[in-house]
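One-letter residues, chain by chain:
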Amino acid sequence: MSTVVEKSPSTISRNKLLWVAGLGWLFDAMDVGILAFVIAALHEDWGLTSSEMGWIGSVNSIGMAVGAFVFGIYADRVGRKKIFIITLLLFSIASGISAFTTTLAAFLVLRFFVGMGLGGELPVASTLVSESVPAKERGRVVVLLESFWAAGWLVAAVISYFIIPSYGWRVALLLTALPAFYALYLRINLPDSPQFSAKKNVLRSVSTNIKEVWSKKYRRPTLMLWIVWFTVVFSYYGMFLWLPSVMVLKGFTLIQSFQYVLIMTLAQLPGYFSAAWLIERAGRKFVLVTYLIGTAASALAFGNAETITLLIVAGAFLSFFNLGAWGALYAYSPEQYPTVIRGTGTGMAASFGRIGGVLGPLLVGSMLTANIGINVIFGIFCVSILIGAMAVAFLGTETKQMELE
């Protein structure tokens with residue numbers, strides 16, 4: 001496999017690639033993180049019901065499902081770099097415009113396009129990085145790429161805590177959109193992955209690629225990925241988009257909820273770094289299964305916590321394990337397919353997972369409207385995550401330091 005070297009004009013150093021790709025990831029996470037706080041602010045500003053709040057997160061996920069499917073497929077046709085740029089541009093513009101909306105309908109339309117850009121970028125970015133670093137460090141580097149998501153969430157929590165109460169949610173949304181254009185500037189000179197460049201003249205139809213993803217050879221890893229992506233995304237967006245609002249429902253003020261979620265969010269970074277350290281030592285399966293089980297246990301504890309100390313501790317462990325699992329999943333997914341269908345396979349799995357991202361926030365909104373307890377809701381997410389862990393344990397194969405085709 002081609003490795004990344006600094007001297008060739010058509011390649012880029014590993015650290016620079018990680019920085020350029022990671023910056024976009026950071027700004028994407030800022031937007032998703034800000035959205036969790038904006039939903040809580042809109043509840044007070046626009047008088048939204050729980051169901052309407054759930055629809056904001058769900059429309060975002062519908063866009064992500066469409067974006068992951070469409071852009072994942074076309075990443076195998078036109079290249080990882082072009083899609084990398086297009087998705088960030090779409091996300092940045094739509095996010096900026098959404099700051100000026102005055103109705104829920106307009107906000108939802110723009111959140112769909114924000115979701116498309118975000119959903120398309122994430123699997124394509126992990127595919128690009130996977131194909132551009134040596135096998136011996138591929139998993140670690142992709143998990144480190146994913147760690148930029150935690151940094152983005154931290155920035156989002158800080159912005160929400162200091163900006164939204166004083167200046168409003170519109171200013172917060174603008175702050176997430178504008179820096180993304182800098183990441184766009186950095187990507188213009190980014191080379192495409194060596195593996196795609198070597199095979200870009202291999203013309204294959206979209207339908208051929210989609211069929212091959214579900215061919216006998218790849219049916220088992222595809223089934224495994226679709227199950228784990230669905231369960232992880234379903235639980236993540238159901239839990240994390242509602243965290244500030246759940247804290248308010250538990251009796252804390254909006255500012256207090258922002259403060260406590262910021263504390264919980266700090267645990268995301270050690271979650272990523274520990275997963276990055278373990279993934280080349282213990283393997284992808286071990287890390288993914290272990291961190292998913294840790295997420296399930298933390299979700300159960302958070303849903304049943306009755307004191308502020310237990311809430312923060314359970315929330316911190318929830319952040320630690322869940323985001324570590326996300327890092328492992330992004331490292332593991334592209335390794336299931338050869339170069340010619342890697343974008344399609346990874347994008348389709350992520351797209352199916354985003355259906356879970358649609359259902360999760362809606363489920364929380366509808367169950368809260370029906371006065372169903374937080375402990376029951378988080379118990380459902382606990383079971384969902386355990387199903388994903390079992391899918392990896394029984395259907396997955398280890399890909400540690402495997403050379404990509």
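Rules used throughout
- Residues numbered from 1 in each chain as written.
- Predicted model: local features only at pLDDT ≥ 70, side-chain atom pairs only at ≥ 80, totals over all residues.
- Heavy atoms only, no water.
- Helix = DSSP H or I, 4+ residues; strand = E, 2+ residues; numbered from the N terminus.
- Rg over C-alpha atoms; globule rule 2.2 N^0.38 Å.
- Buried < 20%, exposed > 50% of the residue type's maximum accessible area, 1.4 Å probe, protein only.
- Contact = heavy atoms within 4.5 Å.
- Areas by Shrake-Rupley, 256 points an atom, 1.4 Å probe, with all protein chains shown as cover.
- Lys, Arg positive; Asp, Glu negative; His and termini not counted.
- Charge placed at Lys NZ, Arg CZ, Asp CG, Glu CD.
- Phe/Tyr/Trp six-rings, centres within 6.5 Å; stacked < 30°, edge-to-face > 60°.
- Core = buried A, V, L, I, M, F, W, Y, C linked by side-chain atoms within 4.5 Å.
- Patch = residues over 30% accessible without salt bridge, like charges linked within 9 Å, V, L, I, M, F, W, Y side chains within 5 Å.
- Salt bridge = Lys/Arg side-chain N within 4 Å of Asp/Glu carboxyl O.
- Expected span 1.5 Å × (residues − 1).
- pLDDT = per-residue confidence, 0-100.
- Polar contact = N/O pair within 3.5 Å; in protein donor to acceptor, adjacent residues only side chain to side chain.

## Quick notes on the overall build of the protein chain
Looking only at helices and strands, the protein chain features 18 helices and zero strands. In summary, the protein chain has a C-alpha radius of gyration of 20 Å against a globular reference of 22 Å for 405 residues, a match within 12%. On the principal axes, the C-alpha backbone points of the protein chain span a range of 55 × 45 × 35 Å. Residues counted as buried form 61% of the 405 residues belonging to the protein chain. Long-range contacts, defined here as pairs at least 24 residues apart, represent 86% of the contacts in the protein chain between residues at least 6 apart. Split by element, the accessible area of the protein chain, about 14600 Å² in all, is 68% carbon and sulfur. A gap of 8 Å separates the mean positions of the 28 positive and 19 negative side-chain charges of the protein chain.

## Points about the packing of aromatic side chains
Scanning the entire structure with this criterion turns up 24 aromatic pairs. Consider the rings of Tyr218 and Tyr337, whose centres lie 5.9 Å apart with planes at 50 degrees: the pair is tilted. Note that Tyr218 is positioned in the loop between helix H10 (206–213) and helix H11 (219–240) and Tyr337 in the loop between helix H16 (308–332) and helix H17 (339–369), a separation of 119 residues in sequence. With 5.9 Å between their ring centres and 20 degrees between their planes, Tyr291 and Phe320 make a pair best called stacked. With Tyr291 in helix H15 (residues 284–304) and Phe320 in helix H16, this pair connects stretches of sequence that are 29 residues apart. Note on Tyr291: relative accessible area 5%, which makes it buried. What links up through ring pairs into an aromatic cluster is the set Trp214, Trp226, Phe230, Phe234, Phe302, Phe352, Phe378 and Phe381.

## Overview of the nonpolar core
With 127 residues, the main nonpolar core has Ile56, Trp149, Trp153, Val228, Trp229, Phe302 and Trp326 as its most contacted residues. No other element matches helix H1 (residues 14–45), which puts 20 residues into this core. Excluding residues that lie within four positions of it along the chain, Val228 makes contacts with Leu292, Leu329, Gly388 and Val392. If you look at the next biggest cluster of nonpolar residues, it comprises five residues, including Phe71, Ala75, Ile83 and Met116.

## Things to note about a nonpolar patch on the surface
The grouping of Trp55, Ile62, Val66, Phe69, Val70, Tyr74 and Val78 at the surface amounts to a nonpolar patch, some 530 Å² of accessible area in total. Mapped onto the secondary structure, Ile62 falls in helix H2 (residues 50–78).

## Some thoughts on helix H4 (residues 104–130)
With 27 residues, H4 extends 39 Å between its outermost C-alpha atoms, agreeing within 8% with the 39 Å of an ideal straight helix rising 1.5 Å per residue. Across the 27 residues that make up H4, a large majority, 22, are buried.

## With respect to the pattern of salt bridges
The tally for this structure, following the rule as stated, stands at eight salt bridges. Between Asp31 and Arg111 there is a salt bridge, with its nearest N and O atoms 2.5 Å apart. Taken together, the residues Asp31 in helix H1 and Arg111 in helix H4 connect sequence positions 80 residues apart. Classification of Arg111 by relative accessible area gives buried; the value is 0%. Put simply, Glu280 and Arg284 hold a salt bridge, and the shortest N to O gap is 3.0 Å. Arg284 carries the same exposure label as Glu280, and that label is buried.

## A closer look at the confidence of the model for the protein chain
Summing up the model confidence of the protein chain, the mean pLDDT is 84 and the portion of residues at 70 or higher is 94%. Confidence scores differ between elements of the protein chain, with helix H8 (residues 180–187) showing the lowest mean pLDDT of 70 and helix H18 (residues 374–395) the highest of 95. Ignoring residues within four places in sequence, the model shows residues 1–10, a span with pLDDT below 50, making 18 contacts including any to other chains.

## A closer look at the side chain of Ser160
Within the element layout of this structure, Ser160 appears in helix H5 (residues 135–162). The exposure class assigned to Ser160 is buried, which follows from its relative accessible area of 0%. Engagement of the side chain of Ser160 in a polar contact is seen with the backbone oxygen of Ala156, the distance being 2.8 Å. Ignoring sequence-local partners within four residues, the contact set of Ser160 consists of Ile34, Phe37, Pro165 and Phe258.

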